[in-house]
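The chain contents come next:
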Amino acid sequence: MKKYIDLHAHTYYSDGGLSPAAVVEKAKKIGLSAVGIADHDSVSGLSEATSAGKKIGIEVVPATEITCYPSEKREFHILGYFIDWKNKTFQSFLKELQTQREQQAEKVVASLNELGYLINLGDLKSLTRGVIGKPHIAWMVINDLENKKKLLEDFGGIPTASDFIRKYLITGMPAHHRREALDPKDSIDLIHKHGGLAILAHPSWDLVSKDSESGKLTFDDHYLAELLGNGLDGIEVYSHRDSEEDTKLCVAHYEKIAKEKGLAVSGGSDYHGFSSTGKELGFVGFYLKIPYQVLDDLKLRSKK
Ligand SMILES: [Zn+2]
Ligand SMILES: [Zn+2]
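Calculation criteria
Residues numbered from 1 in each chain as written. Chains lettered and ligands numbered in written order. Predicted model: local features only at pLDDT ≥ 70, side-chain atom pairs only at ≥ 80, totals over all residues. Heavy atoms only, no water. Core = buried A, V, L, I, M, F, W, Y, C linked by side-chain atoms within 4.5 Å. Buried < 20%, exposed > 50% of the residue type's maximum accessible area, 1.4 Å probe, protein only. Contact = heavy atoms within 4.5 Å. Donors = N, O, S within 2.8 Å, 3.2 Å for Na, K, Ca; no water. Tetrahedral: all angles 85-135°; square planar, octahedral: opposite > 155°, others 65-115°. Helix = DSSP H or I, 4+ residues; strand = E, 2+ residues; numbered from the N terminus. Salt bridge = Lys/Arg side-chain N within 4 Å of Asp/Glu carboxyl O.

Undergrad: Give me the nonpolar core: which residues, what numbers.
TA: Note that soluble globular proteins tend to have their nonpolar side chains buried in a common cluster. With 67 residues, the main nonpolar core has Val 35, Ile 78, Leu 200, Leu 232 and Ile 235 as its most contacted residues. For Ile 235, the residues in contact, after removing those within four places along its chain, are Ile 199, Leu 200, Pro 203, Leu 224, Tyr 254, Ala 258, Leu 263, Ala 264, Val 265 and Ser 266. Val 108, Tyr 117, Ile 132 and Met 140 belong to the second-largest nonpolar core, a separate cluster that totals 21 residues.

Right, here's the structure in full:
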């Protein structure tokens, strides 16, 4: 029987909806052979996830997903696989990144309040476990009945969290605030320093733009060249875009590049189970499946 994996899932230690043990149990239940836990700027869920994995018999791949900013207008996520997550220096560095997220959230909340949306930082902090993300902010606004009237005026209906994030919270939008965070080279160096493999997450979103009229995809490969110049080890080739058709184009594009340049390849659904970011764990209900061989290849590289 062919073995399948999913190397990119979130827990409630960042902006996922489930506990680490629940994500691992879900992975086992749907028949995956391995699951990668990759919370944003956090490794807090890895202890629980790895023990759950041992207990029920599924491999857990330790990871984290570090946010970085190459410029004012762009944000990249760098996955660090097999990172030495027990290292105390690394953990306290991540704590600093979490504090910066909180400072950023304070500014986002103030901007949303000015725009007429009710949300407060205290509630936001109590919803989270150290890492505040855009889905938390969107969720709080959308689920506050006091915001209903304004949301209806603004969106013509109650928006999904993704719609809200795209209209207000991403770079260039009215409630966006940049964090004083790492640049790509810093985050790649950080991952390497702690023994991890540095992989660019979801290039299918961050390096591909889609023309709203023609629907044509444009691949911004020069950013990838820059990242590789900064020491990036590989790319998340198996990641989704909106439709099956677009996903196939992206996967084929990045498979080709990875092969030509001899890059490490990873893949995952970016499962959150909260708000509406990412796909179902293991890409259930979607055509894409990731063979176990991808993990074997990553392990060989990480030993080099
Ligand atoms: Zn990401
Ligand atoms: Zn992610």
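Undergrad: Break down the coordination of the zinc ion (ligand 2) for me, citing the residues and quoting the values.
TA: Bound to the zinc ion (ligand 2) on the protein side are His 8 (NE2), His 10 (NE2), Glu 65 (OE) and Asp 270 (OD), at distances that span 2.0 to 2.2 Å. If you look at the zinc ion (ligand 2), its four donor atoms make angles of 81 to 174 degrees with each other, and the shape they trace is irregular. Read from N- to C-terminus, the donor residues coordinating the zinc ion (ligand 2) fall into the pattern H-x1-H-x54-E-x204-D. The distance between the zinc ion (ligand 2) and the zinc ion (ligand 1) comes to 3.4 Å, and Glu 65 binds to both of them. Highlighted residues: Glu 65 in strand β3 (residues 59-71) and Asp 270 in the loop between β9 (264-267) and β10 (290-291), separated in sequence by 205 residues. The same class applies to Glu 65 as to Asp 270, namely buried.

Undergrad: Which residues make up the pattern of salt bridges, and what are the values?
TA: Opposite charge on two side chains allows them to pair when their charged atoms are near. By the definition in use, this model includes 14 salt bridges. Among the ionic pairs, Arg 74 bridges to Asp 220, the shortest N-O distance being 3.5 Å. With Arg 74 in strand β4 (residues 74-81) and Asp 220 in the loop between β7 (217-219) and α10 (221-229), this residue pair connects regions lying 146 residues apart in the sequence. Comparing Arg 74 with Asp 220 shows no difference in burial state: the two are buried. What you see here is one network of salt bridges that share partners, running through Asp 41, Arg 101 and Arg 179.

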